[in-house]
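# Geometric and topological summary
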Amino acid sequence: MAGKLDLDPRVVARARKLAARAGQPVVDLARSHTTVSVERAVLRLAGVRGADADGIPWVNRLVDAVREDVGLGHGVAVPVFHALASTGVEDVTVLAQKAAAGAVRFAVPDKKGEITAARRAASRAARAGLKQVDRRRAERDRLIKRYGDPKQRPWIYLIVATGDIYEDIPQAQAAARAGADVIAVIRSTGQSLLDYVPEGATREGFAGTYATQENFRLMRAALDETSKELGRYIRLTNYASGLCMPEIAALAGLERLDMMLNDSMYGILFRDINPIRTFVDQRFSRQVHARAGIIINTGEDNYLTTADAVEAAHTVTVSQLLNEFFAHEAGLENWQLGLGHAFEINPDLPDSFRLELAHALLARELFPDAPLKWMPPTKHMTGDVFRGNLLDGFFNLAGALTGQGILLVGMMTEAVVTPWLSDRDIALQNVRYVLNGAGNLHEDFTPGPFIRGRAEQVLTEAIDLLERIVDDTLLDAIADGTFGIMKRPADRGKGLDGVAKQDEDYYNPVTEGLE
Amino acid sequence: MSIVRPYGDATGDGMVQLSFTLPIPHDKRAEGAAVQLAGKMGMDPAMLVHAKQMGDGFTFFVVYGKVNHLVDTDKVQVVERDFPLLSAKEVNAVIKRRLRRRLNVVGACIGTDAHTVGIDAILNLKGIAGEKGLEYYSELSVTNMGAQVSVPDLVETAREKKADAVLVSQVVTQRDAHLLNTRAMSAAFREALPAGKRPLLIVGGPRFDELMAGDLGVDRIFSRGTTPREVASYLVHALVGSSS
């Protein structure tokens, strides 16, 4: 449906060019640094499994031990695989256990031959992990072929969040039976700031369920059963964000998750994670997602929960353009870009719905091949559930009218309770009514001067802001509070101590396989 | 008049609406069960106006009916605003005149709570619903520590910034996390600082009961719908004295 806004292709090209110029220095930064979580993800793909008696994963223990002896700047692969060869230990998890007990000394070998041997061994192990990711991707393709994609666009995206994976599973299956195409398991509050990934099946969480490899496996297996039952492939979503973003991306690839929330700046702005840590982790995790055939969902909707949705509309566009640049640079294709945006304009504002349509259509036409992620109202949900249900109906209508790809189902009880069974049922009924009654209304919908003018204005403001970011650098723009009003300087924030500059001899067998 | 009944479309009709789910499939017995529940809740007569099965074993009901209960507005207990509501200009003027320095405010979401929307609405320059946040007040010096701040960090920062008031926001209520966190916070301040040196402790969040301040060991609780201006006015009232 491209072309309704008559966007000037030269202006659009200019916006993209500016985003690339603003983003490139950050890519260079990401390419020249590593983080503890990137290195742990490498070890996970190379086969390190499990956790110690306190629940601290062996990858953490191993990376900490290597770092203690030789620092992070060489990458952990060579010291680890050199130690494997020189100690005669065969299994890399066993090596991690010995290292944690203080029984292994790590070093970067002097002899060229030893370095080559260590690199070769590391590369072989990492390739085995990536091969598993490839197998999972092929498996997904096969299942989609067998069971089919959802019949309609947008895909219907529903959240479960009980804290207990064994409670989540029947809820997710029930949601799929009731019409959900995508199930997201919300993470426990606070996981984003844990510097390790918890292990095993978990039954306790705050306002969500921990993302663990075992929880991923259990839920995917359950939804495979439901896909078969329904004759429709049900996608599973989780969050590659926070301090362990690269590792969670790797686990998602290994366990065939289908979508991951993965924003280039969300952790910086909303979790106060150090900007450099985030950009380094981001690039690696996106490379993994690209390889795994995972659709990423970006988080622009969040800006509008803190900033005003009209005044700050162009910051969403800017962030989408940056997210697109970073994603392409990391190897993601357009069909994998669930760029985010949201229905958050104050409903008391005159013409609020027309403004929403303008913004949604702008995103649609700027990114015609991306399955845009359309997020429901949250900020202006007041606890008046009747009004909330009406707002959600208009949100659904805007989604249908502007061809959004993934529709997160709005709950009338937003801001009141975590959704009840009946809330979900009413919300899905709302979606079904709108898609059934007006799903093809976009064929008859041609925007007039108001919507076209507003879209043009937002794009112009986005270009102005991008120009300033190019002049000022993206890191400074973030430090100055350009996005979502949060000020986040590059030398502050959580996780900075886990960042290291790459040495000349830095080696990462996973990145080597992904570039 | 202190005795009232719910109002449907005529004074005294006592009409209310109710919706709920029972974990049983939809049939005549289920409808009867729904009416029975409504009856036990004091609705008589209860009219079942909608019933819909959800999934295998659940049914959603909407019931309208008349309740027999009377409410006495004289016997209602609430925390009424016991301080004058000031404008930003007045707040600044009073602090300037009486305190002769800026009033220090430290805010945070404590525990695992990552929902900064409440504290940001009160503190951020942007504010909420057209009303600017405390950062806008020239005589308030605001430190917003953001999400998932540990209690020791909060106490330390409050001490370092010589906080006159500490604002804590709590949204997550699973397993009473908001109450546990608030008690832990107030206890830590009591332990760390003598009575005269302790900052004013204020918590806010949509699920707090404003009557629980004493129980939780804090000076004031703000519930849903609180605006930055109310908080600023309270700070002035409690710390600087009235504007008159």
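The structure displayed is predicted, hence computed values, not measured ones.

Procedures and definitions
Residues numbered from 1 in each chain as written. Chains lettered and ligands numbered in written order. Predicted model: local features only at pLDDT ≥ 70, side-chain atom pairs only at ≥ 80, totals over all residues. Helix = DSSP H or I, 4+ residues; strand = E, 2+ residues; numbered from the N terminus. Contact = placed C-beta atoms within 7 Å. Nonpolar A, V, L, I, M, F, W, Y, C, P; charged D, E, K, R; others polar. pLDDT = per-residue confidence, 0-100. Buried ≥ 20, exposed ≤ 12 C-beta atoms within 10 Å, placed from the backbone. Pairing = 2+ DSSP bridges. Axes fitted to C-alpha atoms, helices over the stretch in contact; angles between N-to-C directions. Arc of directions from axis to C-beta.

## Considering the environment of L235(B)
All names here are of chain B. Mapping L235 onto the fold places it in helix α7 (residues 228-240). A C-alpha to C-alpha distance of 9.5 Å links L235 and I202, two positions 33 residues apart in sequence. In this structure L235 touches L103 and A165, once residues within four positions along its chain are discounted.

## Here's the deal with the environment of G405(A)
Residue and element names in this part refer to chain A. With respect to the helices and strands, G405 occurs in the loop between α15 (385-401) and β10 (406-408). Sequence separation between G405 and R286 is 119 residues; the distance between their C-alpha atoms is 20 Å. Not counting the four nearest positions on each side in its chain, G405 is found in contact with R153, P154, W155, G338, P371 and L372.

## Considering the interface of chain A and chain B
Opposite the 17 residues of chain A that make contact, chain B presents 18 residues. If you list the elements that add at least two residues to the side of chain A that touches chain B, you get α7 (165-177), α12 (303-306) and α16 (421-438) of chain A. Among the elements that line the side of chain A that touches chain B, the one with the most residues is α16(A), at three residues. Classifying every residue of the side of chain A that touches chain B gives eight nonpolar, five polar and four charged.

## With respect to the confidence of the model for chain B
The predicted model of chain B averages 90 in pLDDT, with 95% of residues at 70 or higher. With pTM at 0.86, the complex prediction returns an ipTM value of 0.84.

## Some points on helix α9 (residues 245-254) of chain A
Residue and element names in this part refer to chain A. Burial within α9 is extensive, with ten of its ten residues counted as buried. When α9 is considered as a whole, its buried residues turn out to be M245, P246, E247, I248, A249, A250, L251, A252, G253 and L254. Check the buried side of α9 and you find it contacts α2 (36-45), α6 (112-147), α8 (213-230), β4 (235-239), β5 (259-261) and α11 (275-292). One or two positions beyond α9, positive phi appears at R256, with a value near 55°.

## Points about the sheet that holds strand β8 (residues 340-342) of chain A
Residues and elements named next belong to chain A. The strand order across the open sheet built from nine strands is β7-β6-β5-β4-β3-β2-β10-β9-β8, with neighbouring strands paired in parallel fashion. In this open sheet, the two edge strands, each paired with only one partner strand, are β7 (337-338) and β8. Relative to strand β6 (residues 295-297), β5 runs parallel, the two being bridged by three bridges. Bridge pairing in β6 places M259 opposite I295. The sheet strands contacting α7 are β2 (155-160) and β3 (182-185), and the helix crosses β2 at an angle near 155°.

## Focus: helix α4 (residues 151-160) of chain B
Residue and element names in this part refer to chain B. When α4 is considered as a whole, its buried residues turn out to be L154, V155 and A158. Seen from one end, α4 has its buried residues packed into an arc of 95°, which puts them on one side. Seen from the buried face of α4, the exposed residues on the opposite side, beyond 90 degrees, are P152, E156 and E160. For α4, the elements touching its buried residues are β6 (103-109), β8 (165-169) and α5 (177-192). K162, located one to two residues past α4, shows a positive phi value of around 50°.

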